[in-house]
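Chain residues, written in single-letter form:
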Amino acid sequence: MANSESGGATMRLEVFRYSPEQGGEPRFQSYEVPFREDWVVLDALNYIKDQLDGTLTYRWSCRMGVCGSCGMMVNGVPKLSCAAFLRDYHPNPIRVEPLENFPVLRDLVFNLDAFLDKLKTVQPWLVRQEKKPLSEGEYLQTPAQHAQFKEFSMCINCMLCYAACPQMGLEPDFIGPAAIALAQRYNLDSRDQGRDQRQEVVASHEGIWDCTFVGECSVVCPKHVDPAGAIQQAKLASTIDWFQEVLWPFGARK
Amino acid sequence: MESREHDVLIVGGGGTGLRAAIELGEQFPKLLVAVVSKVYPMRSHTVAAEGGAAAVIKSNDNHDAHCYDTVSGSDWLGDQDVIELFVREAPNELLRMEHWGCPWSREPDGHIAVRPFGGMKIERTWFAADKTGFHMLHTLYQTALQFKNIEWYDEWFVSKLLVEDGRCQGVAAMQMLTGQVHALLAKAVVICTGGAGRIFPFTTNGAIKTGDGMGIAYRAGVALKDMEFVQYHPTGLPGTGILITEAARGEGGILVNKDGYRYLQDYGMGPAEPWPRLRGMELGPRDKLSQAFVHEDQKGRTISSPYGNVVHLDIRHLGEAKINKKLPFVRELSKNYAGIDPVVQPIPVRPVVHYMMGGIDTDIHSATSLPGLFAAGESACVSLNGANRLGSNSLTELLVFGSRAARAAAEFASQQPGVADAKLLAQAEAEQQRIAAQYIRKQDGKERIATIRNEMNLAMESGAGIYRTEASLAKGCELLAALKERFRNVQLDDHSVSFNTELFTAMELEFMLDIAEAVMHSAHHRKESRGSHQRTDFAARDDENYLKHSLANRTDGAPRIDYKDVVITRWPPGERIYGK
C-alpha cells in the first residue's frame, strides 16, 4: 500500500481499548493515520499496529470480505473493517468498537464461543436416513432446487447480524440470525432429510419465536444472506407443522 | 504445565485439517482427535479459493488426460506415482463433498457441472460459482461438527513439535486467550497449516498464511522440499493482491495489453483463435502466463497504475447474466476493491504470489522423515505439483491427501504404546520460558516487527521473484541472513499475557525468516529454469542435473541443500506444448 499518495492528509481513529489483564476501565484511544482513498478501516488499524502501537488487538486475515474475522462497530454500525472505506467517513473521525452483544476479551476481540455452541445445536450438516453409496454418483439437484437454499449458504459467520439484533442484547440464549439461516440452508436443501430433528431447537422458544422481526440482521449482512427472511420462512413452516399436527393429527404429514 | 493426551492431533483447521478430522471422525470413532488452529476453522484461508476443484467425472474425460496435464504442468517435477494416485482418488473425494452437502454448481438436469481451467486439455473443474473454497471450507467445518471424538482447540498457537525417543509425540501450543503454553500430547501429529505466501510483499494470501507448520517441522529436522517453486497467479488486483480467479478466463475472459492485443499469442500460447480453447492462450498454465506478463512489461506494452503496471482482464463479452451467475464474486471484488464494474470495464490485473508448490517433505503416504509426523495440503510437498501447480488441483489435493494423511496417522497411532509424559512436559515448559524471555519480558530490543517483515518481503521479491539470477539470489541470501541476525534484537510493545497478537506476529515472522531462507537458498542452488523457477542466467531446463527434488535442511547457518530423485512412471520428460 506504500505507494499511494496521501498528500499528507490524515484522519483520526478513536479506538475502543480494554485489557482485563492490565486492569482499568474501557476507554477510547485516538490515533492519527494517513488518509488514503483506497484504504479501509482495517488498513488504518494495521498501520497503527505496525507503526504506532503494537498493543492494539483485533482479528483479521483475508482482507477480501470472505473469512469473516474482522467484524467491528464502525461509527456504531456493524461492518467488516476490510470493506469499510476511510473515504466514506473522511474528514470526520471514525469510532471503532468491538461488535455489540458479545463479551469483550481484549480491545476489539470478542468471544464467539456461544455462537459456535448454538451453531452445533442446529445440526448444520446434511442428514440422510439412507445414504447413497459413492458408486451411485451424486444426488441430483437442479439449479432451481439449488436456488431454494443458495442465499442461506453464503453466510460467512462474521457475526454482524448478532451485533445488529436488538433481541440478542435482551435474550442472550436466542440462537440468533446466522445459526437459524444455516439451519434453513440445510432444511431447504433437496438432498437433506433432517428438518424434523432440527425443529426441536429451531422451533423452540430460544429459536425462531424469540425473533421480533426487526430485520436489522438482513440490513447489515455483507453477503445478502437475509437471515430475517430465513426466520420468517421457518416460522411459517413451523406454523404449518402445528396446524397439521393439531388439526389433522391422523392425516399423512408432508 | 498442563497437558492433555490425544491419539491424533491435527495442526491447522483449514480444508486439509478438516478433511483429515472428518476421516478420523467417520472411520476411527474410538480415536481421540484434536484440531488445533490459531484461528476459528472457518477463518482459514481455504475460504478464499475461488475457481474450483479438478476431478475426472465426465464421459469425455479420462484419468490419463488428467495425469498428463498435471505431469506436463509440473514441468516433469511432479512424482508420477503420486499424480496417478491423486487422479484416481480425486472423483470419489469430490463426490463425498457432494454427499456432505457442498453446493456444487449443476447442469440443468441436476448433474455436477464442470468448467475449463488453465493447463487442462479437457474441462474437469467442479465449482460452486466462484466461491468454491468458501463452500468447501464451510461444508467441511459444518460436517466435522457432528463427530464427538473431535476436540477443538480454536485460537491456540502451535510453536513447537514435541519430539522424544525419535518420534513426534505432540506439540507445545499457547492458548491465545490465556497466554499459557500447554503440552498437547498425541501418538501422531498431522500438519495442515497451509503455505507461506506472506513472505512476499504482494500476495493473494491472507495474514495468517505465515507457514508456521513448515517452520515447526523444519526446526524439528524435517526437510522442506522444492521450496524454490513459488506460484505467481497471473491475475491479482493491483495494490491489494486480491485474487481474480482463473475461472474468469475459464468462462471465456481474455488478457490484453495496452493496445487491446491478446499478447499471449506472442509467448507460445497461440494462436489466439478460435477462442475459448483448452490448454492455450488465456487457458495456458500459470507460470507461463505470469512470465509472459514480465516480458510484455519490459516491452513497454502494459498499462501504468498507481500500484504498478497492469494488463487488462476483459470479461465484458460474457454479458451481465453470465457474470452474475458464474462469476459473482469477481464482480463484487472488482467493484469494491478496484472501483470498476467488469460488466462494462476491463479488470486491471498483475501477477501476484499465490501458492507454494514446496513444503514439508512427505512420501506418498503423507509421512515425513520424523516418525509420528505427517503433513498434507499446501504445507506439505507430496510432489503432486512439481515446479508448477495447475489451477484447481489444490482444492482436490487437500481432500485426497487430508484423508490419506489421517488414515496413515491413525494407523501409526494405533501401534504406539503411549507418550513419554514427563519429558514432553519439560519440553513444553522450556518453550513457555523461551517465549517469555525472547519476547514478552524482553525490554532492550531495538527492532520493530513490521520493519523486519517489510525488508524480508522486499528481499524476497527482488531476489526470488518471477525471474531470478545468480546475483539476485546471492544478494537475497545475504539480506535474509542479516535480517535473521537483526530479528534477535526485536522488541515488542505488548508485554501482556492475554491475547498478545503482537507476540504471534513475532513468532510468525520467526518462522517466515526460516522459510524465506529455504526458498532463497533452494533457488540459488538450482541452476536451471523449470516451471515457476526461472533463471535468466540458466534459461533452459536441465534434466541431466536437475530432474530432482531439492531438500532444504536447517542448520545453525545457511540451509543445507540436498536432492532426491523424481518418480517417473509412464511419462518420460518431454516438451511442454501449449496452444496447439
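The numbers attached to residues start from 1 for each chain and follow its sequence in the written order. Lettering for chains starts from A, numbering for ligands starts from 1, and both go in the order in which the items are written. Residue-level local features of this predicted model are given only where pLDDT is at least 70; pairs of side-chain atoms are given and counted only at 80 or more, and the full residue set underlies all totals for whole chains, interfaces and linings.

(A) Spotlight on the overall build of chain A. On a plain count of helices and strands, chain A comes out with nine helices and seven strands. If one aligns the C-alpha atoms of chain A with their principal axes, the spans along those axes are about 75 × 40 × 30 Å. With C-beta atoms placed from the backbone, a residue counts as buried when 20 or more other C-beta atoms lie within 10 Å of its own, as exposed when 12 or fewer do, and as partly exposed for counts between those limits. Buried positions account for 46% of the 254 residues belonging to chain A. The contact rule is simple: place each C-beta atom from the backbone, and if two of them lie within 7 Å, those residues are in contact. A sequence separation of at least 24 residues applies to 65% of the contacts in chain A between residues at least 6 apart. Strands are runs of DSSP state E lasting at least two residues, helices are runs of H or I lasting at least four, and both sets are numbered from the N terminus onward.

(B) Highlighting the overall build of chain B. Per the secondary structure count, chain B includes 15 helices and 21 strands. Our radius of gyration looks at C-alpha atoms and nothing else; its globule reference is 2.2 Å times the residue count to the power 0.38. Over its C-alpha atoms chain B spans a radius of gyration of 23 Å, differing by no more than 12% from the 25 Å that the globule rule assigns to 580 residues. Long-range contacts, defined here as pairs at least 24 residues apart, represent 75% of the contacts in chain B between residues at least 6 apart.

(C) Looking closely at the nonpolar core. Residues and elements named next belong to chain B. Any nonpolar core is a set of buried residues, restricted to Ala, Val, Leu, Ile, Met, Phe, Trp, Tyr and Cys, that join up through C-beta atoms within 7 Å. In terms of nonpolar packing, the biggest core is built from 263 residues, with Val8, Ile10, Val36 and Val190 touching the most fellow members. Residue contributions to this core peak at 14 residues, all from helix H14 (residues 501–525). If we skip the residues at most four places from it in the chain, Val8 touches Leu24, Leu31, Val33, Ala186, Ala188, Val190, Ala409, Ala410 and Ala413.

(D) Spotlight on the packing of helix H13 (residues 470–487) of chain B against H14 of chain B. Residue and element names in this part refer to chain B. Axis definition: a line fit to C-alpha positions, over the contact stretch in the case of helices; interaxial angles, taken between N-to-C directions, run 0 to 180 degrees. Following both chains from N to C, one finds H13 and H14 inclined at 160°, their axes separated by 9 Å at the closest point. The orientation of H13 with respect to H14, classified from their angle, is roughly antiparallel. Our pair here, H13 against H14, has a crossing hand that is left-handed. Facing H13, whose interface residues are Leu473, Ala474, Gly476, Cys477, Leu480, Leu483, Lys484 and Phe487, H14 presents Leu509, Glu510, Leu513, Ala516, Glu517, Met520, His521, Ala523 and His524. In this classification, the charged set is Asp, Glu, Lys and Arg, the nonpolar set is Ala, Val, Leu, Ile, Met, Phe, Trp, Tyr, Cys and Pro, and all remaining amino acids, among them Gly, are polar. A breakdown of the residues in the contact of H13 with H14 according to their chemical character gives eleven nonpolar, three polar and three charged. In what follows, roughly perpendicular refers to angles from 65 to 115 degrees, roughly parallel to angles under 35, roughly antiparallel to angles over 145, and oblique to any angle outside these ranges. For a crossing to be left-handed, the near helix must be turned anticlockwise from the far one by less than a right angle; the clockwise case is right-handed.

(E) Region of interest: the sheet that holds strand E3 (residues 53–54) of chain B. Residue and element names in this part refer to chain B. Ordered in space as E3-E5-E4, the three strands form an open sheet in which the pairing is antiparallel. Of all the strands in the sheet, just E3 and strand E4 (114–115) have a single pairing partner and so form its edges. As paired elements, E4 and strand E5 (residues 125–126) share two bridges and run antiparallel to each other. Across the sheet, Arg115 pairs through a bridge with Thr125, a residue of E5. Pairs of strands are assigned from DSSP output, requiring at least two bridges between the strands.

(F) Just the interface of chain A and chain B, in detail. Opposite the 46 residues of chain A that make contact, chain B presents 46 residues. Looking at the side of chain A that touches chain B, the elements with two or more residues in it are helix H1 (41–52), strand E6 (104–106) and helix H3 (143–149) of chain A. Classifying every residue of the side of chain A that touches chain B gives 17 nonpolar, 17 polar and twelve charged.

(G) The confidence of the model for chain B, seen in detail. Looking at any residue, its pLDDT shows the predictor's confidence there, from 0 to 100. Looking at chain B as a whole, the pLDDT averages 97, with 100% of positions reaching at least 70. Interface scoring of the predicted complex returns ipTM 0.97; its pTM is 0.97.

(H) Examining helix H1 (residues 15–27) of chain B more closely. All names here are of chain B. Helices are assigned an expected span. That span is 1.5 Å times one less than the residue count. In this model H1 runs 18 Å from its N-terminal to its C-terminal C-alpha over 13 residues, within 8% of the 18 Å that 1.5 Å per residue would give. Burial within H1 is extensive, with eleven of its 13 residues counted as buried. Here H1 has its buried residues at Gly15, Thr16, Gly17, Leu18, Arg19, Ala20, Ala21, Ile22, Glu23, Leu24 and Gly25. Structurally, H1 contributes buried residues whose contacts are with strand E1 (3–11), strand E2 (33–37), helix H4 (132–144), strand E6 (150–154), strand E9 (181–191) and helix H10 (393–414).

(I) Quick look at the packing of helix H3 (residues 80–99) of chain B against H10 of chain B. Residue and element names in this part refer to chain B. Orientation of H3 relative to H10, taken along the N-to-C sense of each, is 95°, at an axis distance of 9 Å. Here H3 lies roughly perpendicular to H10, going by the angle between them. Along its contact with H3, which presents Phe86, Glu89, Ala90, Glu93, Leu94 and Met97, the element H10 presents Thr396, Glu397, Leu399, Val400 and Ser403. Residue composition of the contact of H3 with H10, by class: six nonpolar, two polar and three charged.

(J) The arrangement of the sheet that holds strand E4 (residues 77–80) of chain A in detail. Residue and element names in this part refer to chain A. Read across the sheet, five strands follow the order E2-E1-E5-E3-E4 without closing on themselves; strand pairing throughout is mixed. Edge strands, defined here as strands with exactly one partner in the open sheet, are strand E2 (27–34) and E4. Within the sheet, the average angular offset between the axes of one strand and its neighbour, ignoring direction, is 35°. Across three bridges, the pairing between strand E1 (residues 10–17) and strand E5 (residues 94–97) is parallel.

(K) Structural context of the environment of Met154 of chain A. All names here are of chain A. Structurally, the position occupied by Met154 is in the loop between H3 and helix H4 (160–164). Owing to 23 C-beta atoms within 10 Å, Met154 belongs among the buried residues under this scheme. Met154 sits 53 residues away from Gly207 along the chain, and the two C-alpha atoms are 20 Å apart.

(L) Region of the structure containing the pairing of strand E20 (residues 548–553) of chain B. Residue and element names in this part refer to chain B. Pairing geometry for strand E10 (residues 224–225) and E20, over two bridges, is antiparallel. Directly across from Leu224, in E20, lies its bridge partner Ala552. Bridging between E20 and strand E21 (residues 560–565) involves six bridges; their strand directions are antiparallel. Residue pairing across strands places Leu551 opposite Asp562, the latter belonging to E21.

(M) Region of interest: H10 of chain B. The end-to-end C-alpha separation of H10 of chain B is 31 Å, in line with the 32 Å expected for 22 residues at 1.5 Å each. Extensive coverage of H10 of chain B is indicated by the burial of 19 of its 22 residues.

(N) Looking closely at the environment of Ile440 of chain B. Within the secondary structure layout, Ile440 of chain B lies in helix H11 (residues 421–440). Sequence separation between Ile440 of chain B and Asp494 of chain B is 54 residues, and the spatial gap between their C-alpha atoms is 7.3 Å.

(O) Fine view of unusual backbone geometry. Looking along the chain, the bond that leaves His90 of chain A and enters Pro91 of chain A is cis, with omega of 5°. Along the chain, the position of Pro91 of chain A falls in the loop between E4 and E5. In the Ramachandran plot, Asp226 of chain B falls in the positive-phi region, its phi being about 55° despite a non-glycine side chain. Within the secondary structure layout, Asp226 of chain B lies in the loop between E10 and strand E11 (230–236).

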